[in-house]
Structures are given as structure tokens and as C-alpha cells.
Amino acid sequence: MTKVFEDYFSELQADMVDICLEYVEDKATKIYIYCSDEEGFISSNFFYLINGNIFKKHKINDAIDSGSFRYDTSSERQSAVLNIINEDIMKIQDLCQEYKREMPTEMKLEYDVNKNSLNAQYRYDLVYSNDPEKTDDDMANEWFEELKSQM
């Protein structure tokens, strides 16, 4: 069976999920991945639902009892994950160009670990670059706060 655009696209999203799952050592209920590709600028962020609460990547140790186990949330490890996600976004750019598809300006991925299911939301319009105040970080933080308010 020949692979099609959607197969390659799904594989790249799965790679993003895999690296985020590895970062949290498979100990999360949900993974949230924010991807942005706007006006030639690529960025990403990720956070988690652990023990019923939403945590940013550098705060996941707040989700656990202060026993001997600690997540490695070093800036080097965070950067490594973000680099892989950003590389996947660039591969999606290439894929969209190759298959003559429109590249999303924003992707919000929500992976449910227990159900092994991915929910994705895509936008194709300018999200922040046409706003004099907002940045890609603002958009990721707004999504984080929106999810947190739903808990």
C-alpha cells in the first residue's frame, strides 16, 4: 500500500507526541503540543495533564510527591524536545510543499495517553504576526491558561 500525504503528516505528529511522552517518562494523562509556523517563524511548546492538573514542561515535578523520583526538566532537555518538534514542523512544511497542500499556521495537538488517541486543531490564518502585541509564546500561554481554566 502506498503512503499518502495524511500518512506522512500523521507520522510527524506521532513523532512529536513520542518525544513529549519520553520527556515525561510515559507518566502523563494527556500531552498538549503547540506548534506555530507563521511569517517564516517556527516555534513550539508543550505541557501536560498529570494527576488532574495542567503543568508546563518545566513544572512537571510539581505534579509528583517529593520522593526520590524527579523528572529531568533541565533546560538542555527541554531544548532538545523543542528542537525535535521544530524539526518535525519543518518536515511538515516540506511535506505540504511537496503535496501542494496549505501549511497550517497553528497546530494544537492533544494526545490522550490512556486512549492512545490524538485530537488536532489547525488554523491557516495569521494568528499573532498581524497583532502588534502578541507573540507565538503568548498564543501557547493562552492555550495553556484556557486548558487550565477547564480543570
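Data block above holds the structure.
What you see is a predicted model, and the numbers here were worked out from it, not measured in a lab.

Chemist: For this particular structure, what's the right way to read the packing of aromatic side chains?
Modeler: Aromatic rings considered in pairs are described by the distance between their centres and by the relative angle of their planes. On inspection of all chains with the given rule, the structure shows 13 aromatic pairs. With 5.2 Å between their ring centres and 85° between their planes, phenylalanine 47 and phenylalanine 144 make a pair best called edge-to-face. Taken together, the residues span a long stretch of sequence, with phenylalanine 47 in strand 2 (residues 41–50) and phenylalanine 144 in helix 3 (residues 136–149) at a distance of 97 residues. Seen in terms of ring centroids, phenylalanine 69 and tyrosine 71 are 5.0 Å apart; in terms of plane orientation they differ by 80°. Their pairing is edge-to-face.

Chemist: Hey, could you run me through a negative patch on the surface in this one?
Modeler: Side chains of Asp15, Asp18, Glu22, Glu25, Asp26, Asp72 and Glu76 sit close together on the surface and give a patch of like negative charge. Examining the composition of the negative patch, we find that 3 residues originate from one element, helix 1 (residues 5–23), more than from any other. Looking at the secondary structure, you find glutamate 22 in helix 1.

Chemist: In this structure, what is going on with the pairing of strand 2? I would like to understand it.
Modeler: As a general feature of sheets, a regular strand has side chains that alternate between the two faces. By the criterion of burial, strand 2 is predominantly enclosed, with 9 of the 10 residues buried. Taken together, the 9 bridges between strand 1 (residues 30–38) and strand 2 define a ladder with antiparallel strand orientation. Opposite serine 36, over in strand 2, you have serine 43 as the bridge partner. The pairing of strand 2 with strand 3 (residues 53–56) spans 4 bridges and is antiparallel. Along strand 3, the bridge assignment pairs leucine 49 with isoleucine 54. Linking strand 2 back to strand 3 in an antiparallel pair, the connection comprises 2 residues, with asparagine 51 at a positive phi of about 50°.

Chemist: Please clarify how helix 1 should be interpreted in this entry.
Modeler: Owing to its 3.6 residues per turn, the α-helix brings residues three or four apart onto one side. Spanning 19 residues, helix 1 covers 28 Å between terminal C-alpha atoms, matching the ideal 27 Å at 1.5 Å per step. If you check which residues of helix 1 are buried, you get Phe5, Phe9, Leu12, Gln13, Met16, Val17, Ile19, Cys20, Leu21 and Tyr23.

Chemist: Which parts of the structure should I look at to understand the pattern of salt bridges?
Modeler: Once the charged atoms of two side chains with opposite charge are near each other, the side chains can pair. Within the structure shown, the criterion is met by 5 salt bridges. For the salt bridge of glutamate 6 with arginine 101, the shortest nitrogen-to-oxygen distance reads 3.3 Å. Taken together, the residues glutamate 6 in helix 1 and arginine 101 in the loop between helix 2 (75–98) and strand 4 (106–112) connect sequence positions 95 residues apart. Residue glutamate 6 is classed as partly exposed on the basis of its relative accessible area of 41%. Lysine 134 is the partner of glutamate 142 in a salt bridge, and the nearest nitrogen-oxygen pair spans 2.9 Å. Here glutamate 142 falls in the partly exposed class, since its relative accessible area comes to 36%.

How each quantity is defined
- Residues numbered from 1 in each chain as written.
- Predicted model: local features only at pLDDT ≥ 70, side-chain atom pairs only at ≥ 80, totals over all residues.
- Heavy atoms only, no water.
- Phe/Tyr/Trp six-rings, centres within 6.5 Å; stacked < 30°, edge-to-face > 60°.
- Helix = DSSP H or I, 4+ residues; strand = E, 2+ residues; numbered from the N terminus.
- Patch = residues over 30% accessible without salt bridge, like charges linked within 9 Å, V, L, I, M, F, W, Y side chains within 5 Å.
- Areas by Shrake-Rupley, 256 points an atom, 1.4 Å probe, with all protein chains shown as cover.
- Salt bridge = Lys/Arg side-chain N within 4 Å of Asp/Glu carboxyl O.
- Lys, Arg positive; Asp, Glu negative; His and termini not counted.
- Charge placed at Lys NZ, Arg CZ, Asp CG, Glu CD.
- Buried < 20%, exposed > 50% of the residue type's maximum accessible area, 1.4 Å probe, protein only.
- Pairing = 2+ DSSP bridges.
- Expected span 1.5 Å × (residues − 1).

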